[in-house]
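The residues making up each chain are set out below.
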Amino acid sequence: MGPGGTGGGWPLAGTVLVAVATSLAAGGEDCLWYVDRNGSWHPGFDCDFFTFCCGTCHQRYCCRDPLRAITERQQRHCLAF
């Protein structure tokens, strides 16, 4: 058995798959407003169903790659700094 007696636990890929499925079930992700590296303000926008808000604190776009996604919580963290 693996740690915790669960028989090996979930591999990282399984965890990512669950996170993706949860996000897809919830619909498209919102990109919140942000300020780019040049100091220009960009309004928030919605991503389509089956897409994610992707990018960084200073550049946002919609994409289908969950590994590039930036959650709304992470985006709000960007606003604080």
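Here the structure is a predicted model, which means the values were calculated and not measured.

Student: Help me understand the state of the cysteines, please; the structure alone is not making it clear to me.
Tutor: What makes a disulfide is a covalent bond joining the sulfur atoms belonging to two cysteines. In total, this model carries four disulfides according to the counting rule given. Each sulfur in the disulfide pair Cys 57 and Cys 78 lies 1.8 Å from the other. Around the S-S axis, the bridge from Cys 57 to Cys 78 shows a dihedral of about -70° and counts as left-handed. Taken as a pair, Cys 57 in the loop between strand E5 (52–56) and strand E6 (59–63) and Cys 78 in helix H2 (residues 72–80) lie far apart in primary sequence, 21 residues in all. The class of Cys 57 is partly exposed, set by a relative accessible area of 31%. The exposure class of Cys 78 is buried, given its relative accessible area of 14%. Sequence-ordered numbering of the disulfide-bonded cysteines in the chain gives the connectivity 1-3, 2-6, 4-7, 5-8.

Reading guide: rules and limits
Residues numbered from 1 in each chain as written. Predicted model: local features only at pLDDT ≥ 70, side-chain atom pairs only at ≥ 80, totals over all residues. Heavy atoms only, no water. Disulfide = S-S within 2.5 Å. Helix = DSSP H or I, 4+ residues; strand = E, 2+ residues; numbered from the N terminus. Buried < 20%, exposed > 50% of the residue type's maximum accessible area, 1.4 Å probe, protein only.

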